[in-house]
Amino acid sequence: MNAEVARGDNLIKEMFWTRTGLLLLVLVVVAGSSLAVSTVMPGGTPKNLVVALGTGTLIAAVVGFGQTVITATAAQRAMVTPLIEENRRALQELSAEYRSLNREFFPTHVFQPSDVPDPAFNQLLMQDLQGSRQYFFRGFSARHAAARLLLSRGERELRAVVADPTERSAIGGRARYLIRHDGVDADSETIQAELHDEIYIGLVGLYLARSHCSRIDITMIADPPLDRIEMFDDSVWVTLYSDAGATGSLYPRTLRFSEGSFIYNMERAEFGRIGNSRQARHVLLAPDTSRRDFLLQFENVTGSRLSARQFTELEEKFRRFRHEFCTLAELGS
């Protein structure tokens, strides 16, 4: 922007000096020609007139050039320079407006679909998590959120919204999506059993990560949206499972928006609405929540009682999932 203004300023100066130089050249040529002609003319009135013309033209050229330089410099200070400064301010304001619009409506990062975790995606997301005091998660299960929390340092508050395993619509809708979009080669009952298992593994994983949070508030809803949302203090990540381009990809396209964007404010309000819903089921975990308290809450929200052996099996499944995910995402162990 500043370079364009400078080029405009130089163009004006170039035009001025070209015009003035051309005028000076004409006057000098006329004066030189007159004086040269006068040297070969015989004395008398005609020669005196030619000498006077040459001398006067030369003096006029010198005086006119000096006056033009002074006048043009003053005119530039009075007219051109303020115009250039005004244009510069207008361009700066326009650039600031475009930056504001970009921040409000356009993502800061776009990650394309992939079949394996993207290390660049996960490292940037972990940086946002590490510097955040609150972590909002909305998805089908919270296995990834639990794995990320176990890798983080410090304490933060987690609010997770996941599918309610007691609602057939939540499980059935996800199963139909997997069959329709990902081409899963299995019957619906087998897929639904695996999806139930995912939710249970996610709950156990969040219990294991409780010491990394000051509070974990889990909300279970019957109609979780397909898109996954992960929100931090300064950003929101939207994983587009509803995107048609996500067909066949385990990890669909993801967009990152900054704090203050339209998407960020909209999703923040949506989390508040879901959290206050009376129809949802809630699980509350604290760093000092015992296994007995967790199992009681687990039974209340899922309707299933976990034995010690079943809990150990779910814990082991989560640890295997966490190890595989962290290895592929290059997040350490």
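Presented here is an overview of the structure given in this document. (Residues numbered from 1 in each chain as written. Predicted model: local features only at pLDDT ≥ 70, side-chain atom pairs only at ≥ 80, totals over all residues. Heavy atoms only, no water.)

Notes on the environment of Leu158
Phase 1 of the analysis: When you line up the elements, Leu158 lands in strand 3 (residues 156-163).
Phase 2 of the analysis: The spacing of Leu158 and His212 is 54 residues in sequence and 9.7 Å in space, taken between C-alpha atoms.
Phase 3 of the analysis: In contact with Leu158, not counting residues within four places along its chain, are Tyr135, Phe137, Leu149, Leu206, Cys213, Arg215, Ile216 and Asp217. (Helix = DSSP H or I, 4+ residues; strand = E, 2+ residues; numbered from the N terminus. Contact = heavy atoms within 4.5 Å.)

Here we look at helix 8 (residues 291-302)
Phase 1 of the analysis: For helix 8, with 12 residues, the first-to-last C-alpha span of 16 Å sits near the 16 Å given by 1.5 Å per residue.
Phase 2 of the analysis: Buried residues of helix 8: Phe294, Gln297, Phe298, Val301 and Thr302, and no others. One side of helix 8 carries all its buried residues, which in axial view fall inside an arc of 110°. Turned more than 90 degrees from where helix 8 packs its buried face, Arg292 and Asn300 sit exposed.
Phase 3 of the analysis: Summarising the contacts, the buried residues of helix 8 are in contact with helix 6 (188-208), strand 4 (213-221), strand 8 (281-285) and helix 9 (308-328).
Phase 4 of the analysis: Positive phi shows up at Gly303, right after helix 8, with a value of about 75°. (Expected span 1.5 Å × (residues − 1). Buried < 20%, exposed > 50% of the residue type's maximum accessible area, 1.4 Å probe, protein only. Arc of directions from axis to C-beta.)

Thoughts on the packing of aromatic side chains
Phase 1 of the analysis: Inspection of the entire model under this criterion finds 12 aromatic pairs.
Phase 2 of the analysis: Their ring planes at 20° and their centres at 5.7 Å tell us that Phe111 and Trp237 sit as a pair that is stacked. Note that Phe111 is positioned in strand 1 (residues 109-111) and Trp237 in strand 6 (residues 235-239), a separation of 126 residues in sequence. For the pair Phe111 and Trp237, one class covers both residues: buried.
Phase 3 of the analysis: When the centroid spacing of 5.2 Å and the interplanar angle of 55° are considered together, the rings of Phe136 and Phe271 count as tilted. Separated by 135 residues along the polypeptide, Phe136 in strand 2 (residues 134-138) and Phe271 in helix 7 (residues 262-275) bring together distant segments of the chain. Side by side, Phe136 and Phe271 carry an identical accessibility label, which is buried. (Phe/Tyr/Trp six-rings, centres within 6.5 Å; stacked < 30°, edge-to-face > 60°.)

Concerning the pairing of strand 6
Phase 1 of the analysis: For strand 6, the tally of buried residues reaches 5 of 5 residues, placing the bulk of the element in the interior.
Phase 2 of the analysis: Of the two faces of strand 6, both are covered, the one formed by Ser235, Trp237 and Thr239 as well as the one formed by Val236 and Val238.
Phase 3 of the analysis: The sheet contact formed by strand 5 (residues 228-231) and strand 6 spans 4 bridges and is antiparallel. Considered in strand 6, the bridge of Met231 is made with Val236.
Phase 4 of the analysis: The antiparallel hairpin formed by strand 5 and strand 6 contains 3 residues in its connecting segment.
Phase 5 of the analysis: Taken together, the 5 bridges between strand 6 and strand 7 (residues 254-258) define a ladder with antiparallel strand orientation. Bridging across to strand 7, Trp237 finds its partner in Arg256. (Pairing = 2+ DSSP bridges.)

Remarks on empty space enclosed by the protein
Phase 1 of the analysis: This structure, assessed with the given rule, holds 2 cavities of 30 Å³ or more.
Phase 2 of the analysis: Considered as a void within the structure, the largest cavity measures approximately 120 Å³ in volume.
Phase 3 of the analysis: Secondary-structure elements contributing two or more residues to the lining of the largest cavity are helix 3 (119-130) and helix 4 (143-151).
Phase 4 of the analysis: Looking at the lining of the largest cavity residue by residue, the classes come out as 6 nonpolar, 6 polar and 3 charged.
Phase 5 of the analysis: Estimated volume of the second largest cavity: approximately 30 Å³.
Phase 6 of the analysis: Around the second largest cavity sit Ser141, Ala142, Val162, Ile199, Gly202, Leu203, Leu206 and Ile218, which together line it.
Phase 7 of the analysis: The element that contributes the greatest number of residues to the lining of the second largest cavity is helix 6, accounting for 4 residues. (1 Å grid on protein atoms, 1.4 Å probe; cavity = no way out; pocket = protein on both sides within 12 Å on 5 of 7 lines; lining within 4 Å. Points joined across faces, edges and corners; volume = space filled by probe spheres on them. Nonpolar A, V, L, I, M, F, W, Y, C, P; charged D, E, K, R; others polar.)

What to know about the sheet that holds strand 4
Phase 1 of the analysis: Reading across the sheet, the 8 strands line up as 1-7-6-5-2-3-4-8 and stay open at both edges, with mixed pairing between neighbours. Edge strands, defined here as strands with exactly one partner in the open sheet, are strand 1 and strand 8. Averaged over all neighbouring strand pairs, the angle between strand axes comes to 10°, with direction disregarded.
Phase 2 of the analysis: The sheet contact formed by strand 3 and strand 4 spans 8 bridges and is parallel. When the sheet's bridge partners are listed, Arg159 is paired in strand 4 with Asp217.
Phase 3 of the analysis: Sheet strands in contact with helix 4 are strand 2, strand 3, strand 4 and strand 5, and its direction is about 155° off that of strand 2.
Phase 4 of the analysis: This element, helix 6, spans strand 3, strand 4 and strand 8 of the sheet and lies at about 165° to strand 4. (Axes fitted to C-alpha atoms, helices over the stretch in contact; angles between N-to-C directions.)

Some points on a nonpolar patch on the surface
Phase 1 of the analysis: A contiguous nonpolar surface patch, about 420 Å² in accessible area, is contributed by Phe105, Phe106, Phe262 and Met266.
Phase 2 of the analysis: For Met266, the position within the fold is in helix 7.
Phase 3 of the analysis: Exposure remark for Met266: the relative accessible area of 39% places this residue in the partly exposed category. (Patch = residues over 30% accessible without salt bridge, like charges linked within 9 Å, V, L, I, M, F, W, Y side chains within 5 Å. Areas by Shrake-Rupley, 256 points an atom, 1.4 Å probe, with all protein chains shown as cover. Salt bridge = Lys/Arg side-chain N within 4 Å of Asp/Glu carboxyl O.)

Some details on the packing of helix 6 against helix 9
Phase 1 of the analysis: Where helix 6 meets helix 9, the closest approach of the two axes is 9 Å, and the angle between their N-to-C directions is 85°. Considering their axes alone, helix 6 and helix 9 lie roughly perpendicular with respect to each other. Packed against helix 6, whose contacting residues are Asp197, Tyr200, Ile201, Val204, Gly205, Tyr207 and Leu208, the element helix 9 presents Phe311, Leu314, Glu315, Lys317, Phe318 and Arg319 at the interface.
Phase 2 of the analysis: Of the residues that constitute the contact of helix 6 with helix 9, the class distribution is 8 nonpolar, 1 polar and 4 charged. (Parallel < 35°, antiparallel > 145°, perpendicular 65-115°, else oblique.)

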